[in-house]
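So you can see what is in the structure, the chains are spelled out below.
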Amino acid sequence: MSLFSNLNEMHLDVLKEIGSIGTGNAVTAVSSLINKKVQMNVPSVELIEFDTLADFVGGPEIILVGVLIGISDDVSGMIMFLMDIDTAHNLLGSVLSSMGIEASTDGSLSELELSAIEEISNIMAGSYLGSLSGLTNLRVRQSVPMLAIDMANALLSVPAIEFGKMADHVLFINSSFSVENVAVNGYFILVPDEDSFAKIMRSLGVEL
Amino acid sequence: MTKIIVGMADLKVDRAPCMLTTLGLGSCVGIALYDPASKVAGLAHIMLPDSTKMQNNQNLAKFADTAMVKMIQDMAAIGANKTRLRAKIAGGAQMFSFNSKNDDMRIGDRNVEATLRLLKQYSIPLIAYEVGANYGRTVELYADDGRFLIKTIGHGNREL
């Protein structure tokens with residue numbers, strides 16, 4: 001029995017709303033971090049089969065920056081934030097320049113830049129989870145962020161395996177936003193474990 | 001030559017000439033089986049070690065145990081001899097360095113362990129493997145001679 005097989009339009013709308021508010025908060029956090037106007041597109045929320053998952057982030061072998069944060073307490077599981085390399089550089093450029101540091105221009109990422117990315121992702125995930133917690137009245141605690149840069153499919157295998165334990169789909173939130181005309185492509189994947197998923201829905205008055 | 005792409009939680013078999021590939025294995029394991037006499041090749045991209053531990057287990061290619069059985073059957077159906085099969089495997093990485101003893105986080109290791117156990121159970125010799133570490137791997141299995149290529153980002157390419 002797949003976890004998602006009983007989901008109807010209304011359930012998906014609820015999840016979409018969580019994604020939308022969560023991403024909105026995350027983007028606002030970035031905006032205040034870099035002190036620039038950030039524009040957000042309406043996020044899309046989809047249930048995607050494992051097979052086609054990577055197509056939504058540009059292909060299975062495209063190189064992405066992935067930050068994984070474990071979550072615990074009332075809701076347990078993990079949240080992953082993915083962005084393409086250009087996005088990482090664009091974000092870094094904005095953040096570091098606001099602190100008077102010059103970002104590297106040769107396409108590589110320094111130690112400092114990697115930890116800056118971890119921290120940005122941490123702040124974004126924190127605001128995302130904060131809104132999840134606020135909406136559901138459930139406590140959510142986040143662990144230290146972990147970063148990896150690799151092929152999309154290899155990074156996606158981590159949340160996909162978690163979802164794979166309960167379904168044949170991944171709940172995927174695609175959020176893109178732009179910072180003063182610089183496009184930024186980011187993707188959130190929230191992976192509550194099975195009990196937590198039911199808890200989230202129930203707290204929003206939706207019985208699965 | 002036909003190129004056949006094996007997705008995540010998927011498996012494919014075919015006869016030479018063809019190349020079976022699966023892209024960006026992370027913690028998943030790519031199991032390549034090959035019969036050199038009939039030149040029948042099979043490649044599975046498994047995500048989890050054990051279907052019997054899960055309620056949602058209809059997708060046979062998702063689990064090491066059910067994928068192994070199905071792949072051997074499918075290969076036999078197009079001319080492979082079970083006793084001639086040999087295996088090469090890759091994947092089972094830990095993409096993020098969790099500082100935790102949580103078993104869930106060692107899923108790559110567990111996928112590899114399950115695969116090794118199953119190969120032993122079905123008496124299929126393991127010819128070569130590259131597993132573990134913390135990076136993704138794309139693999140290609142050539143049905144004409146059974147060679148198995150591994151491609152990575154920043155960790156070199158190899159032929160097994």
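Please read all numbers here as calculations on a predicted model, not as lab measurements.

Analysis parameters
Throughout this description, residue numbers start from 1 for each chain and increase along the sequence as written. The order in which chains are written sets their letters, starting at A; the order in which ligands are written sets their numbers, starting at 1. The model is predicted, so local features are restricted to residues of pLDDT at least 70 and side-chain atom pairs to those at 80 or more, both for listing and for counting; the totals for chains, interfaces and linings are taken over all residues. Calculation of side-chain values draws on the structure's entire complement of heavy atoms; hydrogens and water are dropped beforehand. Contact definition: two residues touch when any of their heavy atoms are within 4.5 Å. Each of two parts loses accessible area, computed with a 1.4 Å probe, when they are put together; buried area is these two losses added. Any carboxyl oxygen of Asp or Glu within 4 Å of a side-chain nitrogen of Lys or Arg constitutes a salt bridge here. Counted as a polar contact is a pair of N or O atoms within 3.5 Å, where, for protein atoms, one must be capable of donating a hydrogen and the other of accepting one, and residues adjacent in sequence contribute only when both atoms are in side chains. The axes used here are C-alpha line fits, helices contributing only the stretch in contact, and every angle between their N-to-C directions lies in the interval 0 to 180 degrees. Numbered from the N terminus, helices here are DSSP runs of H or I no shorter than four residues, and strands are runs of E no shorter than two. Oblique is the label for any angle not under 35 degrees, not over 145, and not in the 65 to 115 range, which are roughly parallel, roughly antiparallel and roughly perpendicular in turn. A crossing counts as left-handed when the near helix is turned anticlockwise from the far one by less than a right angle, and as right-handed when that turn is clockwise. Asp, Glu, Lys and Arg are counted as charged, while Ala, Val, Leu, Ile, Met, Phe, Trp, Tyr, Cys and Pro are counted as nonpolar; the rest, among them Gly, fall into the polar class. Stacked, tilted and edge-to-face are the three classes assigned to paired rings of Phe, Tyr and Trp, where Trp is represented by its six-membered ring and a pair needs centres within 6.5 Å; plane angles under 30 degrees give stacked, over 60 edge-to-face, the rest tilted. Remark: exposure states derive from per-residue accessible area (1.4 Å probe, protein chains only) relative to the maximum for the residue type, with buried under 20%, exposed over 50%, and partly exposed in between. Of the two site types, the cavity is a set of points on a 1 Å grid over the protein atoms alone where a 1.4 Å probe fits but cannot get out, and the pocket is an open set with protein on both sides within 12 Å along at least five of seven lines, each lined by residues with an atom within 4 Å of a point. Grid points are joined across faces, edges and corners, and a volume is the space filled by probe spheres set on the points. DSSP bridges decide pairing: two strands pair if at least two such bridges lie between them. Scored from 0 to 100, pLDDT records how confident the predictor is in each individual residue.

**Focus: the interface of chain A and chain B**
With 31 residues of chain A in contact, the opposing surface of chain B contributes 34 residues. A combined buried area of about 2500 Å² lies between chain A and chain B, and 67% of that area is made up of carbon and sulfur atoms. Applying the counting rule to chain A against chain B returns 1 salt bridge. Between Lys62(B) and Asp168(A) there is a salt bridge whose closest N-O contact spans 2.8 Å. For the pair chain A and chain B, the number of links is 9 residue pairs in polar contact (both at pLDDT 80 or more).

**Remarks on the packing of helix α1 (residues 9-34) of chain A against helix α4 (residues 111-136) of chain A**
Residue and element names in this part refer to chain A. The interhelical angle for the contact between α1 and α4, taken along N-to-C directions, is 140°, at an axis separation of 8 Å. One element, α1, and the other, α4, form an angle in the oblique class. α1 and α4 meet at a crossing whose hand is right-handed. Touching Ile18, Gly19, Ile21, Gly22, Thr23, Asn25, Ala26, Ala29, Val30 and Leu33 of α1 are Ile120, Ile123, Met124, Ser127, Tyr128, Ser131, Leu132 and Leu135, all from α4. Residues of the contact of α1 with α4, tallied by class, amount to 12 nonpolar, 6 polar and no charged.

**Some words on the packing of aromatic side chains**
One pair of aromatic rings is described through two measures. These are the centre distance and the angle between the planes. All names here are of chain A. Going through the model one piece at a time under the given rule, you end up with 2 aromatic pairs over all chains. Ring geometry for Phe81 and Phe188: centres 4.8 Å apart, planes at 40°, overall tilted. In this pair, Phe81 is assigned in strand β4 (residues 77-84) and Phe188 in strand β8 (residues 182-192), connecting sequence segments 107 residues apart. For the pair Phe81 and Phe188, a shared accessibility class is recorded, and that class is buried.

**Focus: the layout of surface pockets**
As a volume, the second largest pocket reaches approximately 240 Å³. Around the second largest pocket, the lining comprises 13 residues; the ones closest to its centre are Leu147(A), Ala148(A), Ile149(A), Met95(B) and Asn134(B). Classifying every residue of the lining of the second largest pocket by side-chain character gives 8 nonpolar, 4 polar and 1 charged.

**What about the pairing of strand β3 (residues 18-25) of chain B?**
All names here are of chain B. The element β3 is extensively covered by neighbouring structure, given that 8 of its 8 residues are classed as buried. Here strand β1 (residues 2-5) pairs with β3 via 4 bridges, running parallel. Its bridge partner lying in β3, Ile4 is registered against Leu20. Two elements, β3 and strand β8 (residues 137-142), share 5 bridges in a ladder whose sense is antiparallel. Residue pairing in the sheet places Met19 in a bridge with Tyr142 of β8.

**Re the confidence of the model for chain B**
Put simply, chain B has an average pLDDT of 93, and 95% of its residues get 70 or more. Across the predicted assembly, pTM comes out at 0.89 and ipTM at 0.91.

**Quick word on the sheet that holds strand β2 (residues 10-15) of chain B**
Residues and elements named next belong to chain B. The 5 strands lie next to each other as β2-β5-β4-β6-β7, forming an open sheet whose pairing is mixed. A strand with exactly one partner marks an edge of an open sheet, and here the two such strands are β2 and β7 (126-131). Taken pair by pair, the neighbouring strands of this sheet meet at an average axis angle of 10°, ignoring direction. Inspection of the sheet shows strand β4 (residues 29-35) paired to strand β5 (residues 40-46) by 7 bridges, in the antiparallel sense. Directly across from Asp35, in β5, lies its bridge partner Val40. Along the sheet, helix α1 (residues 64-77) contacts β2, β4 and β5; its crossing angle with β5, the most-contacted strand, is approximately 160°.

**So, the environment of Ala154(A)**
Relative to the helices and strands, Ala154(A) is located in helix α5 (residues 152-164). Separated by 94 residues in sequence, Ala154(A) and Pro60(A) place their C-alpha atoms 8.1 Å apart. If we ignore the near neighbours within four places in the chain, the residues touching Ala154(A) are Gly24(B), Leu25(B), Gly26(B), Met95(B) and Gly136(B).

**Side note on unusual backbone geometry**
Glycine aside, a negative phi is what most residues show, and trans is what most peptide bonds show. Following Ala16(B), the chain continues to Pro17(B) via a peptide bond in cis, the omega torsion being 0°. Looking at the element boundaries, Pro17(B) is found in the loop between β2 and β3. Phi is positive for Asp73(A), which is not a glycine, with a value near 90°. Classification of Asp73(A) as partly exposed rests on a relative accessible area of 35%.

**Structural notes on the sheet that holds strand β10 (residues 157-159) of chain B**
Sheet strands pair via backbone hydrogen bonds, and the direction of the pair is either parallel or antiparallel. All names here are of chain B. Taken together, 5 strands build an open sheet; the order of strands is β1-β3-β8-β9-β10 and the sheet is mixed. Of all strands in the sheet, those bounded by a partner on one side alone are β1 and β10. Ignoring which end each strand starts from, the neighbouring axes of this sheet average 20° apart. Pairing analysis gives 3 bridges linking strand β9 (residues 148-151) to β10, with the strands arranged antiparallel. Across the sheet, the residue bridging to Ile150 is Arg158, located in β10.

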